[in-house]
Amino acid sequence: MGLDDFGGGQGPQPDVLVVTTNEVPGHRVQEVIGEVFGLTVRSRHLGSQIGAGLKSMIGGELKGLTKTLVQTRNQAMERLVEQARARGANAVLAFRFDVTEAADTGTEVCAYGTAVVLARE
C-alpha cells in the first residue's frame, strides 16, 4: 500500500478551499452561505473483519480497515466540496469530520463545515 492509501485532503490549487480554521490569512469572508456536509456510510468487508480479528490477537495496525476509513473520509470530503461548489462557495471554513458506528454494521462519516465566498484583501 502506498502513501495515497493512508492520506487524503486536497491537492494544490483547489477550486473550493477547505480549511479547519475560521479564517484564511489574506482573505476576508465576503458571504456566508451556510453549513454544508458530505455523508457516507460504509459497511465492513467480511475479509477485513476476519483479518482485523486475527490481527487484534497479536497487535499492530489494521491496514485494511485503515485504508477503508481513509477512502470513506475522502468520499465524505468530496461530497462536501460538491455541495459547497453547487451552492456557489469557493471555500469551506471550520471543516471537521464526525465518525460514528452505524447500527453496528458499518461506519458513518460526516464531513462538515461552513461554506463561504472568500475575497482577497
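What counts and what doesn't
Residues numbered from 1 in each chain as written. Predicted model: local features only at pLDDT ≥ 70, side-chain atom pairs only at ≥ 80, totals over all residues. Heavy atoms only, no water. 1 Å grid on protein atoms, 1.4 Å probe; cavity = no way out; pocket = protein on both sides within 12 Å on 5 of 7 lines; lining within 4 Å. Points joined across faces, edges and corners; volume = space filled by probe spheres on them. Nonpolar A, V, L, I, M, F, W, Y, C, P; charged D, E, K, R; others polar. Pairing = 2+ DSSP bridges. Helix = DSSP H or I, 4+ residues; strand = E, 2+ residues; numbered from the N terminus. Contact = heavy atoms within 4.5 Å. Axes fitted to C-alpha atoms, helices over the stretch in contact; angles between N-to-C directions. Phe/Tyr/Trp six-rings, centres within 6.5 Å; stacked < 30°, edge-to-face > 60°. Expected span 1.5 Å × (residues − 1). Buried < 20%, exposed > 50% of the residue type's maximum accessible area, 1.4 Å probe, protein only.

K.L.:
Would you mind showing me how to read the layout of surface pockets here?
P.N.:
If a probe as big as a water molecule is rolled over the atoms, it shows which places are left empty. Estimated volume of the second largest pocket: approximately 160 Å³. Looking at the lining of the second largest pocket residue by residue, the class counts come to four nonpolar, four polar and three charged.

K.L.:
How do you make sense of the pairing of strand 3 (residues 91-102) when you look at a structure like this?
P.N.:
Side-chain positions along a regular strand alternate between the two faces of the sheet. Here strand 1 (residues 17-18) runs beside strand 3; their pairing, made up of two bridges, is parallel. Within the sheet, the bridge partner assigned to Leu-17 lies in strand 3 and is Ala-91. Looking at chain direction, strand 3 and strand 4 (residues 106-120) are connected through 10 bridges and run antiparallel. For Glu-101, the partnering residue across the bridge sits in strand 4 and is Thr-107. Counted between consecutive antiparallel strands, the loop separating strand 3 from strand 4 contains three residues, among which Ala-103 sits at a positive phi close to 50°.

K.L.:
Sorry, what's going on with the sheet that holds strand 4 here?
P.N.:
Strand pairing in a sheet is mediated by backbone hydrogen bonds. Such pairs are either parallel or antiparallel. Read from one edge to the other, the open sheet built from four strands follows the order 1-3-4-2, with strand pairing classed as mixed. Unpaired on one side and paired on the other, strand 1 and strand 2 (27-43) mark the two borders of the sheet. As defined by bridge partners, strand 2 adjoins strand 4 across 15 bridges and the pair is classed as antiparallel. Considered in strand 4, the bridge of Val-36 is made with Gly-113. On the sheet, helix 2 (residues 63-86) packs against strand 1, strand 2, strand 3 and strand 4 and is oriented at approximately 140° with respect to strand 2.

K.L.:
Looking at this structure, I do not really get the packing of aromatic side chains. What am I missing?
P.N.:
Counted according to the given criterion, the structure contains one aromatic pair. With a centroid separation of 5.0 Å and 75° between ring planes, the pair formed by Phe-95 and Phe-97 is classed as edge-to-face.

K.L.:
Whenever I open this one, helix 2 confuses me. Can you help?
P.N.:
Because each turn of an α-helix spans 3.6 residues, side chains separated by three or four positions end up pointing in the same direction. Under the 1.5 Å per step criterion, the end-to-end length of helix 2 is 35 Å for 24 residues, consistent within 8% with the ideal 34 Å. Along helix 2, the residues that are buried comprise Val-70, Thr-72, Ala-76, Met-77, Leu-80, Val-81 and Ala-84. Tucked into the core, helix 2 has its buried residues touching strand 1, strand 2, strand 3 and strand 4. Of the residues one or two after helix 2, Gly-88 is the one with positive phi, at around 95°.

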